[in-house]
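An overview of the molecular structure
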Amino acid sequence: MKKKLSLLSFGLFLIGALIYVMMLFGRDEFLLAGVSCSVAGLIIALFSERGPYKKIAIAGNGVIVGVAIIVPVIVTTFFWNTP
């Protein structure tokens, strides 16, 4: 069962990465879908079996979530000071 979870989280990483790349090419309506897939993949990867798929899923989904959510929050909170 845990092996299937690691494959599912890896698949969600691939889907999230493809959707995020589509968003970078100007389709902004896909941002929520890509981030949602990545967050779900990250949570599922935490409970999956050890192996290369788990490592790739945690790293990839973490990067997508970091770039799409954490970096913009930090930038708008601390560096964007115009009223």
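Scroll up to find the structure.
Structure report, in brief. (Residues numbered from 1 in each chain as written. Predicted model: local features only at pLDDT ≥ 70, side-chain atom pairs only at ≥ 80, totals over all residues. Heavy atoms only, no water.)

**Some details on the packing of helix 1 (residues 2-24) against helix 3 (residues 52-79)**
Running from N to C, helix 1 and helix 3 point in directions that differ by 35°, and their axes come no closer than 9 Å. For the pair helix 1 and helix 3, the sense of crossing is left-handed. On helix 3, the residues that touch K3, S6, L7, S9, F10, L12, F13, G16, A17 and Y20 of helix 1 are Y53, K54, I56, A57, G60, N61, I64, V67 and A68. A breakdown of the residues in the contact of helix 1 with helix 3 according to their chemical character gives twelve nonpolar, five polar and two charged. (Axes fitted to C-alpha atoms, helices over the stretch in contact; angles between N-to-C directions. Helix = DSSP H or I, 4+ residues; strand = E, 2+ residues; numbered from the N terminus. Left-handed = near helix turned anticlockwise from the far one by under 90°. Contact = heavy atoms within 4.5 Å. Nonpolar A, V, L, I, M, F, W, Y, C, P; charged D, E, K, R; others polar.)

**Description of helix 2 (residues 31-46)**
In a regular helix each residue adds 1.5 Å, so 16 residues correspond to 22 Å; helix 2 covers 23 Å between its end C-alpha atoms and thus fits that length. Residues G34, V35, C37, S38, G41 and A45 constitute the buried set of helix 2. Buried residues in helix 2, looked at end-on, bunch into an arc of 155°, giving them a common side. When the buried face of helix 2 is taken as reference, the exposed residues oriented beyond 90 degrees from it are L32 and L46. Packed against the buried residues of helix 2 are helix 1 and helix 3. (Expected span 1.5 Å × (residues − 1). Buried < 20%, exposed > 50% of the residue type's maximum accessible area, 1.4 Å probe, protein only. Arc of directions from axis to C-beta.)

**A short note on helix 1**
Along its 23 residues, helix 1 runs 33 Å from first to last C-alpha, staying within 8% of the 33 Å computed at 1.5 Å per residue. Along helix 1, the residues classified as buried are S6, S9, F10, L12, F13, G16, I19, Y20 and M23. If you follow the buried residues of helix 1, they end up packed against helix 2 and helix 3. Positive phi shows up at G26, right after helix 1, with a value of about 110°.

**Regarding the side chain of S6**
With respect to the helices and strands, S6 occurs in helix 1. On the basis of relative accessible area, S6 is assigned to the buried category, the value being 3%. Within the structure, the side chain of S6 is placed 2.7 Å from the backbone oxygen of K3, a separation counted as a polar contact. If sequence neighbours within four positions are ignored, S6 has contacts with S48, E49, Y53 and K54. (Polar contact = N/O pair within 3.5 Å; in protein donor to acceptor, adjacent residues only side chain to side chain.)

**Things to note about the packing of aromatic side chains**
Within the structure shown, the criterion is met by two aromatic pairs. Between F10 and F13, the aromatic rings sit 6.3 Å apart at their centres with planes inclined by 45°, giving tilted as the arrangement. Of this pair, F10 and F13 both sit in helix 1, separated by three residues, roughly a single helical turn. For F10, a relative accessible area of 19% translates into the label buried. By relative accessible area, which is 17% here, F13 ends up buried. For the ring pair F10 and Y53, a centre distance of 5.1 Å and an interplane angle of 55° mean the geometry is tilted. On the criterion of sequence distance, the pair formed by F10 in helix 1 and Y53 in helix 3 is long-range, its members being 43 residues apart. With a relative accessible area of 31%, Y53 lands in the partly exposed category. An aromatic cluster is defined as three or more aromatic residues linked by ring pairs; in this entry it consists of F10, F13 and Y53. (Phe/Tyr/Trp six-rings, centres within 6.5 Å; stacked < 30°, edge-to-face > 60°.)

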